[in-house]
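Chain by chain, the residues:
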Amino acid sequence: MTRHFLSLFDWSPEELRAMLERAAKLKAARGKPTRGRLPLAGKTVALIFEKASTRTRVSFEVGVQELGGHPMFISAKDSQLGRGEPIRDTARVFSRYVHMIMLRTFAQETLEELARYATVPVINGLSDKLHPCQVMADLQTIIEHKGPRLEDHTIAWVGDGNNMANTWIEAAAQFGFRLRVACPPAFQPDAAVLAEARRRGGRIELFDRPERAVEGADAVNTDVWASMGQETEAERRRQAFAGFTVDDALMARANPGAIFLHCLPAHRGEEVTDAVIEGPASRVWDEAENRLHAQKAIMERLLRTAD
Ligand code: CP
Ligand code: NVA
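In this text, all values refer to a predicted model and were calculated from it rather than measured experimentally.

1. Quick look at the pairing of strand β5 (residues 154-158)
Taking burial as the measure, the 5 residues of β5 include 5 buried ones, the bulk of the element. Where β5 lies against strand β6 (residues 178-182), 5 bridges are found, and the strand directions are parallel. Following the sheet pairing, W157 is matched in β6 by V181. As for the winding sense of the linkage, the β-α-β connection from β5 through helix α6 (residues 163-175) to β6 is right-handed. Strand direction decides the pairing type here: β5 and strand β8 (residues 219-222), joined by 3 bridges, are parallel. Bridge pairing in β8 links I155 to A219.

Rendered as structure tokens:
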């Protein structure tokens, strides 16, 4: 049966773990000679973007090509999608041409409708609600720097209760680590995601202040205060997020040796200081690199469901 990668809840904890293990192997094997047919040989992956991207576009294009396939970049606004062609029609047409579809979209519903009508696997390349490819790369980074027993780790989220925060909440349920979250009152994570993660046994605690959330943390995460599509709210958000900047003083409250993660792009001086992102705790470049490896593992796994 064709499966999709829209949310970390689409896969079992064991399946997600296996993808991370495969991602580590793909990272170690990169650039070495390969034997046999590559998994995407003769296949095309459509990469559809309604929003801007640097990492997602480049890491998917390179990843598809390294798996032997052809990546096809499609800007939604330059296709008939931009002129109002329904996503369900696009899904059925694309399924006749390509072997997998990645979509970056404003609305999770668009992604879900695409997946409902597509007969090929669909990957969430970021929606307003979730960014699962990014969190898989982040977990790979945490394993590299803090060890593989994720259930022993404590991870902090500081800032907006946005698509990244929601995905971290899903990840807490699926991987068993403790998650400590601090968001301003009006910018809390999705209540339904939180309830479902807790129902699945997720150990997630919410705090008012970032200082409390980072206590005992092995990794401190943040993201922009105004996500794509929220540009007009940027000034209001800057005021609401006062005190939520990840700076050296905040990092000093986390566990000794705690690492700093940010999905990027970052706004230095807002959610993180230049000193932290450029400092010794920062693992943001490894994190960006791991998008490539994690997504290759995800695509390989999806192909096994598609034939
Ligand atoms: N982190 C991330 O998804 O980056 P891009 O917006 O550049 O793709
Ligand atoms: N929360 C950010 C993540 C960008 C990769 C956004 O949605 O714009």
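2. With respect to the packing of α6 against helix α7 (residues 191-199)
The axes of two packed helices give the description: the angle between them and the distance between them. Put simply, α6 and α7 touch, their axes get as near as 8 Å, and they point 10° apart. One finds that α6 runs roughly parallel with respect to α7. Here N166, I169, E170 and A173 of α6 lie close against α7, whose contacting residues are V193, L194 and A197. The residue makeup of the contact of α6 with α7, split by class, is 5 nonpolar, 1 polar and 1 charged.

3. A short note on the sheet that holds strand β3 (residues 100-104)
On the basis of which strands lie adjacent, the open sheet formed by 4 strands has the order β2-β1-β3-β4 and parallel pairing. If you trace the sheet from one side to the other, it starts and ends with β2 (70-75) and β4 (122-124), each paired once. Going across the sheet, the axis of each strand differs from the next one's by a mean of 20°, ignoring polarity.

4. Overview of the site of ligand 1
Close to ligand 1 lie S53, T54, R55, T56, R104, H131, Q134, C263, L264 and R291. One of the side-chain nitrogen or oxygen atoms of H131 is found 2.9 Å away from an oxygen atom of ligand 1. Side-chain polar atom of Q134 to a nitrogen atom of ligand 1: 2.9 Å apart, as the coordinates give it. When isolated, ligand 1 has an accessible area of 260 Å², and the protein chains bury 95% of it. Here the residues of the shell around ligand 1 sort into 2 nonpolar, 5 polar and 3 charged.

5. Things to note about α7
Among all positions of α7, only V193, L194 and A197 are buried. Projected down its long axis, α7 carries its buried residues within an arc of 100°, all on one side. For α7, exposure combined with an orientation more than 90 degrees from the buried face picks out A191, A192 and R199. Looking at the buried residues of α7, the elements they touch are α6 and β7 (203-207).

6. Remarks on the side chain of T44
Following the sequence through the fold, T44 ends up in strand β1 (residues 44-49). In contact with T44, other than residues within four places in its own chain, are H70, M72, V98, H99 and M100.

7. Focus: the pattern of salt bridges
Opposite charge on two side chains allows them to pair when their charged atoms are near. All chains considered together, the criterion is met by 25 salt bridges. Of the charged contacts in the structure, one is a salt bridge between D160 and R237, with a shortest N-O distance of 3.0 Å. You can see D160 sitting in the loop between β5 and α6 and its partner R237 sitting in helix α9 (residues 234-240), a full 77 residues away along the chain. Note on accessibility: D160 and R237 belong to one class, buried. Across the pair R180 and E205 runs a salt bridge whose closest N-O atoms are separated by 3.3 Å. Residue R180 is located in strand β6, and its partner E205 is located in strand β7; the two are separated by 25 residues in the primary sequence. Residue classification places E205 among the partly exposed residues on the basis of a relative accessible area of 36%. Via salt bridges that share partners, R17, R149, E151 and D152 belong to a single interconnected network.

8. Some words on α6
The end-to-end C-alpha distance of α6 is 18 Å, a good match for the 18 Å that 13 residues give at a rise of 1.5 Å each. The buried fraction of α6 amounts to 13 of the 13 residues, a majority that puts the element mostly inside the structure. One or two residues past the end of α6 sits G176, with phi positive at roughly 85°.

9. Remarks on the pairing of β3
A large share of β3 lies buried, amounting to 5 of its 5 residues. What you see with β3 is no split at all: M100, M102 and R104 on one side and I101 and L103 on the other are buried throughout. Where β1 lies against β3, 5 bridges are found, and the strand directions are parallel. Paired with L47 across the two strands is M102, which belongs to β3. Here 3 bridges tie β3 to β4, and the two strands are oriented parallel to one another. If you follow L103 over to β4, its bridge partner there is N124. Crossover connection from β3 via helix α4 (residues 108-117) to parallel β4: handedness right-handed.

Criteria and thresholds
- Residues numbered from 1 in each chain as written.
- Chains lettered and ligands numbered in written order.
- Predicted model: local features only at pLDDT ≥ 70, side-chain atom pairs only at ≥ 80, totals over all residues.
- Heavy atoms only, no water.
- Buried < 20%, exposed > 50% of the residue type's maximum accessible area, 1.4 Å probe, protein only.
- Helix = DSSP H or I, 4+ residues; strand = E, 2+ residues; numbered from the N terminus.
- Pairing = 2+ DSSP bridges.
- Right-handed = clockwise from strand over helix to strand, strands pointing away.
- Axes fitted to C-alpha atoms, helices over the stretch in contact; angles between N-to-C directions.
- Parallel < 35°, antiparallel > 145°, perpendicular 65-115°, else oblique.
- Contact = heavy atoms within 4.5 Å.
- Nonpolar A, V, L, I, M, F, W, Y, C, P; charged D, E, K, R; others polar.
- Near = heavy atom within 4 Å.
- Polar contact = N/O pair within 3.5 Å; in protein donor to acceptor, adjacent residues only side chain to side chain.
- Areas by Shrake-Rupley, 256 points an atom, 1.4 Å probe, with all protein chains shown as cover.
- Arc of directions from axis to C-beta.
- Salt bridge = Lys/Arg side-chain N within 4 Å of Asp/Glu carboxyl O.
- Expected span 1.5 Å × (residues − 1).

By themselves, these are just geometric observations and shouldn't be taken as functional.
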